[in-house]
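# Working through the structure, step by step
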Amino acid sequence: MTRINLTVDGQRVADDVEPRMLLVQYLRERLGKTGTVIGCDTSNCGACTVHLDGTSVKSCNVLAVQADGSSVTTIEGLAGDDGSLHPVQQAFHECHGLQCGFCTPGMIMQSIDLLNTNPNPSEEAIRLGLEGNLCRCTGYHNIVRAVQEAAGVSTGSTTGSTTGSTTGSTTEGVGA
Ligand code: FES
Ligand code: FES
């Protein structure tokens, strides 16, 4: 067993873990953060995406011991203390950027990272930025619309506040 110390959704945690334990397993099985889901276990689907020190990672592709000393944010750490949704969560809600919702936590975490890097992405940049996240339901159109909507309201911070609103255009094209 190896001792790890990290911050998860603002809470400091210390634990002994097997060196082979994946970060996604640690989040779900030890911390009960089941909002982060496992869709493939082969680094393909992106459903397990979280932020590691502010950058999106597929948590099935990271060992828990590799997160030692880091700050992890999951989908469960995005809402404000008053329960208000993060602007990207709100945009997915308003644009109906989901159907079954299985891919949604990873899509939102990846979208936030995308907007942190590029606050005003083109449709092409959005599709490129989300190409590592698979959705079997939506055809991606409303997901792209949600990110376009969020680009108008997100400050670019993981805990950013709403500063305004624009309406994203409906676009056609291949899935991300
Ligand atoms: S569960 Fe991690 S990429 Fe699919
Ligand atoms: S909403 Fe069902 S997989 Fe994306």
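Analysis parameters
Residues numbered from 1 in each chain as written. Chains lettered and ligands numbered in written order. Predicted model: local features only at pLDDT ≥ 70, side-chain atom pairs only at ≥ 80, totals over all residues. Heavy atoms only, no water. Helix = DSSP H or I, 4+ residues; strand = E, 2+ residues; numbered from the N terminus. Buried < 20%, exposed > 50% of the residue type's maximum accessible area, 1.4 Å probe, protein only. Contact = heavy atoms within 4.5 Å. Areas by Shrake-Rupley, 256 points an atom, 1.4 Å probe, with all protein chains shown as cover. 1 Å grid on protein atoms, 1.4 Å probe; cavity = no way out; pocket = protein on both sides within 12 Å on 5 of 7 lines; lining within 4 Å. Points joined across faces, edges and corners; volume = space filled by probe spheres on them. Nonpolar A, V, L, I, M, F, W, Y, C, P; charged D, E, K, R; others polar. Domains from an automatic or database assignment. Pairing = 2+ DSSP bridges.

### Observations regarding the overall build of the chain
Counting secondary structure elements, the chain contains five helices and five strands. Counting helices and strands in the order they occur from the N terminus, the chain gives β-β-α-β-β-β-α-α-α-α. For the chain, the residues scored as buried account for 46% of the 176 residues in total. Counting only contacts in the chain whose residues sit at least 6 apart along the sequence, the fraction spanning at least 24 positions is 57%. Accessible surface for the chain amounts to roughly 8500 Å². Of this, 46% is attributable to carbon and sulfur atoms.

### Things to note about unusual backbone geometry
In this model, Asp 53 sits at a positive phi of 50 degrees, which is unusual for a non-glycine residue. Residue position: Asp 53 is located in the loop between β3 (49–52) and β4 (55–58). The exposed category is assigned to Asp 53, whose relative accessible area is 52%. Backbone geometry places His 96, a non-glycine residue, at a positive phi of 50 degrees.

### Considerations on the layout of surface pockets
What the largest pocket holds in volume is close to 190 Å³. In terms of lining, the largest pocket is formed by Gly 39, Cys 40, Cys 45, Ala 47, Cys 100, Phe 102, Cys 103, Leu 134, Cys 135, Arg 136 and Cys 137. Partitioned by chemical class, the residues of the lining of the largest pocket number nine nonpolar, one polar and one charged. Structurally, the lining of the largest pocket is a two-domain feature, drawing no fewer than three residues from each of domain 1 (2–77) and domain 2 (87–155).

### Observations concerning the pairing of strand β2 (residues 11–17)
The side chains of a regular strand alternate, first on one face of the sheet and then on the other. Here strand β1 (residues 2–8) pairs with β2 via seven bridges, running antiparallel. Residue pairing for β2: Asn 5 is matched across the bridge by Ala 14. Between β1 and the antiparallel strand that follows it, β2, lie two residues; Asp 9 among them carries a positive phi value of about 50 degrees.

Functional significance is not addressed by these values, which are geometric in nature.
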